[in-house]
Amino acid sequence: MPMYQVKPISGSHIKTDLPTCMYKLPNIHAPQGNSYTSEHAIQNGEVDPAVKALEARQDEIMKKLYDLKAAVEGLAKTVTTPDADLDLTVSSSLSSQSPSSTTFKGISDLDTLLGKDLGALRDIVINANPAQPPLTLLVLHSVLCQHYRVLSTVHVHSSVTSVPPQLLSCLGPRHADSYARQMFQLGFTLIWKDVPKLQMKFSVQNMCPIEGEANVARFLFKLLSPYPSDPALATLVDSWVDTAFFQLAEGSAKERATVLRALNSALGSNPWLAGPEFSLADIACYCCVLQSGSASSTPTNVQRWIKSCENLGHFSPAKLFLQ
């Protein structure tokens, strides 16, 4: 028996409605009898403003997340590239204009060659010595920009004390949308560094560095067009590429004269070095002839071939660099 007895202050007939939830929200969906679509809630023939605001907010969040993913992926590539953490960004560009374009048969598919990596920029990082500028890479970069959306960036490594102004702007001016990496298909990062040989890195985790301008040029050209299916023709292209870099660029005066005679003989029956089609052999030999300073004293067929190359418009970066 309780110590104190209290009489009830209200009758037992009073009923109290208790809430079933803590917060009440307006129903943004139309009642069962009104018009309704699977995408929007419609009330009185119009989309509910609350739904519009929710969709707009969701779109904005998804865009920010996508941009953040692309930025983090780019930062990860920079961190995992040992040479990039000391660099100073100089310029970025998205080049889309050119005097003329070369028609390549069977343009290569980036996903097939480089692998699918959704939301991440496939960035090619090249270390080059400013004392030996890679003219072929400038030409190939110009052609790549005609077929892909390329984010081009120039860096200066701490091992280099000074770089000429033309090297800092060799890939073009900075593009206004260079911060939005997801807009581009391919990254072309050129680092001026004190290295004995030109080096290229694409996938730091899955791929060893490629050394030598000839080998890097082969890699980049495959992004434009596959090598000839004919083994003899593919061997001919490789032979001219090696001849250009080992004899025209690095050989003695006697070796260069021998190569020029061979060029003149090959161009006597064909418009290009590997036959009727423009190839990497023409790019490599033209740049090495230009860099050796013997372009003005070449035989007749070579002179005609040089003019044909210049008419394509891709070699203007190399010519401007040497002027």
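Preceding this section is the structure that the text describes.
Only a predicted model underlies this, so the values are computations on that prediction, with no experimental measurement involved.

A. Inspection of helix H9 (residues 300-312) at higher detail. Given a rise of 1.5 Å per residue, 13 residues ought to cover 18 Å, and the 19 Å separating the end C-alpha atoms of H9 matches this to within 8%. The set of residues buried in H9 consists of Val302, Trp305, Ile306, Cys309 and Leu312. Projected down its long axis, H9 carries its buried residues within an arc of 115°, all on one side. The exposed residues of H9 that point more than 90 degrees off its buried face are Thr300, Lys307 and Asn311.

B. Geometry of the nonpolar core. Core analysis: the biggest nonpolar cluster contains 69 residues, and Ile126, Leu220, Leu263 and Trp305 have the highest contact counts within it. The element best represented in this core is helix H8 (residues 280-292), accounting for ten residues. In terms of domain composition, this core takes at least three residues from each of domain 1 (110-224) and domain 2 (231-320). Excluding residues that lie within four positions of it along the chain, tryptophan 305 makes contacts with Leu267, Pro271, Trp272, Leu273, Asp282, Cys285 and Tyr286.

C. Structural context of a nonpolar patch on the surface. On the surface, a nonpolar cluster with roughly 470 Å² of combined accessible area is contributed by Ile61, Met62, Leu65, Leu68 and Val72. Position of valine 72 relative to the elements: it lies in helix H1 (residues 49-80).

D. Quick look at the environment of glutamine 132. With respect to the helices and strands, the residue glutamine 132 is situated in the loop between strand S4 (122-128) and helix H3 (135-147). The class of glutamine 132 is exposed, set by a relative accessible area of 55%. In the structure, glutamine 132 is positioned 65 residues away from lysine 197 in sequence and 9.1 Å away in space, judged by C-alpha atoms.

E. Here's a closer look at the packing of helix H6 (residues 231-248) against helix H7 (residues 253-266). Two elements in contact, H6 and H7, have axes whose closest approach is 9 Å; the angle formed by their N-to-C orientations is 150°. One element, H6, and the other, H7, form an angle in the roughly antiparallel class. In this structure, H6 meets H7 at a crossing whose hand is left-handed. When H6 is examined against H7, the residues Trp240, Thr243, Gln247 and Leu248 are found in contact with a partner set consisting of Glu255, Arg256, Val259, Leu260, Ala262, Leu263 and Ala266. Split by residue class, the contact of H6 with H7 holds seven nonpolar, two polar and two charged.

F. Here's a closer look at the packing of aromatic side chains. Per the stated rule, a full pass over the model turns up four aromatic pairs. Look at tyrosine 286 and tryptophan 305: their rings are 6.4 Å apart centre to centre, the planes differ by 70°, and that puts the pair in the edge-to-face class. Of this pair, tyrosine 286 sits in helix H8 while tryptophan 305 sits in helix H9, and the two are 19 residues apart along the sequence.

G. Geometry of the pattern of salt bridges. This structure, assessed with the given rule, holds three salt bridges. A salt bridge links glutamate 60 to lysine 64; its shortest N-O distance comes to 3.4 Å. You can see glutamate 60 and its partner lysine 64 sitting in helix H1, four residues apart, about one turn around the helix. A residue is classified by how much of its surface remains accessible, and glutamate 60, at 45% relative accessible area, is partly exposed.

The rules behind the values
Numbers given to residues run from 1 along each chain, matching the order in which its sequence is written. Given that this is a predicted model, residues contribute local features only at a pLDDT of at least 70 and side-chain atom pairs are listed and counted only at 80 or more, while totals for whole chains, interfaces and linings are drawn from all residues. Side-chain descriptors were evaluated using all non-hydrogen atoms of the structure, hydrogens and water having been removed beforehand. In this description a helix means any DSSP run of H or I spanning at least four residues, a strand means any run of E spanning at least two, and both kinds are numbered starting from the N terminus. Helix span, expected: 1.5 Å multiplied by one less than the number of residues in the helix. For every residue, the accessible area obtained with a 1.4 Å probe (protein chains only) is divided by the maximum for its type, and the residue is called buried under 20%, exposed over 50%, and partly exposed between those limits. The arc in question is the one spanned by the directions pointing from the helix axis to the C-beta atoms. Throughout this description, the term nonpolar core refers to a set of buried Ala, Val, Leu, Ile, Met, Phe, Trp, Tyr and Cys residues connected via side-chain atoms within 4.5 Å. Domain segmentation is taken from an automatic or database assignment of domains. It only takes one pair of heavy atoms within 4.5 Å for two residues to be counted as in contact. To count toward a patch, a residue needs a relative accessible area over 30% and no salt bridge; like charges are then connected within 9 Å, while nonpolar side chains (Val, Leu, Ile, Met, Phe, Trp, Tyr) are connected within 5 Å. For every accessible area listed, the method is Shrake-Rupley and the probe measures 1.4 Å; residues are considered covered only by the protein chains on display. Salt-bridge detection follows one rule: a side-chain nitrogen of Lys or Arg within 4 Å of a carboxyl oxygen of Asp or Glu. Comment: axis = line fitted to C-alpha atoms, over the contacting stretch for helices; angle = value between 0 and 180 degrees taken between N-to-C directions. Orientation is classified from the angle alone, with under 35 degrees giving roughly parallel, over 145 giving roughly antiparallel, 65 to 115 giving roughly perpendicular, and any other angle giving oblique. In this scheme, a crossing is called left-handed if the near helix is turned counterclockwise away from the far one by less than a right angle; it is called right-handed if the turn is clockwise. The nonpolar class holds Ala, Val, Leu, Ile, Met, Phe, Trp, Tyr, Cys and Pro. Asp, Glu, Lys and Arg form the charged class, and all remaining residues, Gly among them, are polar. For this analysis, a ring pair means two rings from Phe, Tyr or Trp (six-membered ring only for Trp) whose centres lie within 6.5 Å, classed as stacked if their planes differ by under 30 degrees, edge-to-face if by over 60, and tilted for the remaining angles.

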